[in-house]
Amino acid sequence: MIPFEPPVLHEFAERFAPQHTALLIIDMQKDFCLDGYAASRAGRPLDAAKAIIPTLQTLLQAARKTGVLVCHVGFWTLENHLSDAAPWLAQRRRATYASDRIAMENSEGADFIDALAPGPGEPVIRKHRYSAFKGTNLDTVLRARGIRSVVPTGVSTNVCVESSLRDAFETGHYTALARDACASWDTELHEATLKTANARFGLVCDATDLINAWNGDNK
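Since the structure is predicted, the reported quantities are computational estimates derived from the model, not experimental observations.

About the thresholds
Residues numbered from 1 in each chain as written. Predicted model: local features only at pLDDT ≥ 70, side-chain atom pairs only at ≥ 80, totals over all residues. Heavy atoms only, no water. Helix = DSSP H or I, 4+ residues; strand = E, 2+ residues; numbered from the N terminus. Rg over C-alpha atoms; globule rule 2.2 N^0.38 Å. Buried < 20%, exposed > 50% of the residue type's maximum accessible area, 1.4 Å probe, protein only. Contact = heavy atoms within 4.5 Å. Areas by Shrake-Rupley, 256 points an atom, 1.4 Å probe, with all protein chains shown as cover. Lys, Arg positive; Asp, Glu negative; His and termini not counted. Charge placed at Lys NZ, Arg CZ, Asp CG, Glu CD. Polar contact = N/O pair within 3.5 Å; in protein donor to acceptor, adjacent residues only side chain to side chain. Axes fitted to C-alpha atoms, helices over the stretch in contact; angles between N-to-C directions. Parallel < 35°, antiparallel > 145°, perpendicular 65-115°, else oblique. Salt bridge = Lys/Arg side-chain N within 4 Å of Asp/Glu carboxyl O.

Asker: What's the story with the overall build of the protein in this structure? I'm lost.
Answerer: Along the backbone of the protein there are ten helices and seven strands. Over its C-alpha atoms the protein spans a radius of gyration of 17 Å, differing by no more than 12% from the 17 Å that the globule rule assigns to 219 residues. Projecting the C-alpha coordinates of the protein onto the three principal axes gives extents of approximately 55 × 45 × 35 Å. Counting every position in the protein, which comprises 219 residues, the buried fraction comes to 50%. In the protein, the share of contacts with a sequence separation of at least 24, taken over all contacts with a separation of at least 6, comes to 78%. Accessible surface for the protein amounts to roughly 10,700 Å². Of this, 51% is attributable to carbon and sulfur atoms. One way to put it: in the protein the 23 positive side-chain charges average out to a point 2 Å from where the 26 negative ones average out.

Asker: Mind showing me how you'd approach the side chain of Asp100 here?
Answerer: The topology assignment puts Asp100 in the loop between α6 (86-94) and β3 (124-127). In this structure Asp100 comes out as buried when scored by relative accessible area, which is 17%. One polar contact links Asp100 to Arg93, side chain to side chain, over a distance of 2.9 Å. Beyond its immediate chain neighbours, meaning those up to four positions away, Asp100 contacts Thr77, His81, Leu89, Arg92 and Arg93.

Asker: Explain the packing of helix α8 (residues 157-170) against helix α9 (residues 187-201) here, please?
Answerer: Each packed pair of helices is defined by two parameters, the angle between the axes and the distance between the axes. Relative orientation of the contacting elements α8 and α9 amounts to 10°, with a least axis distance of 10 Å. Classified by the interaxial angle, the pair formed by α8 and α9 is roughly parallel. Contacts between α8 and α9 involve Thr157, Asn158, Glu162, Leu165, Arg166, Phe169 and Glu170 from the former and Leu189, His190, Thr193, Thr196, Ala197, Arg200 and Phe201 from the latter.

Asker: What exactly am I supposed to notice about the pattern of salt bridges here?
Answerer: Opposite charge on two side chains allows them to pair when their charged atoms are near. The final tally for this structure, using the stated rule, is ten salt bridges. Residue Lys50 is joined to Asp35 by a salt bridge in which the shortest nitrogen-to-oxygen separation is 2.6 Å. With a gap of 15 residues between them, Lys50 in helix α4 (residues 47-51) and Asp35 in the loop between α2 (30-33) and α3 (38-41) connect regions that are remote in the sequence. Residue class for Asp35 comes out exposed when judged on its relative accessible area of 53%.

Pasting the structure below:
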């Protein structure tokens, strides 16, 4: 048998070229990002989540301009516990700053914030677990578009963003984690995910690195 090694994309700009890259904007919903909604009522500090909104707006604008596939990923909890396995429910009820009634289906809290609302033709992925890949059609959408590289952003860095990053990598995608385009209520957990991601699952970068790659500016 002739040895085969798949060709590897080494350069950052090549790896995250717009024609085969997808930007995932994860859980930037009212329940997770705005005062008066579920996360804030549970006592979660929202300063970090709010702080990344301008960066995400800039990243989203650049993605739309250069043809990067934008997927809006949102948590979606079904009524009557139809999406709640017992272990999931037990853990949600003891999780920090969380609730088992967050992002309920068809609720205002489950809506994406206005600043990052989906545009025409942009896929909306509804998930019932932390990862954007578990029990959703995301993998099918990415493969149908020939996507090779995935950029998870949003909240929270150490939970839904990290879970999605890991699954993207393990389903055969290059990944990048922009440190200024994701956030957690806990800075230490945010930094721990960046360290873990860089060690095992992808490249850690800034949002400007991605924008430069999409615009063809390799400086």
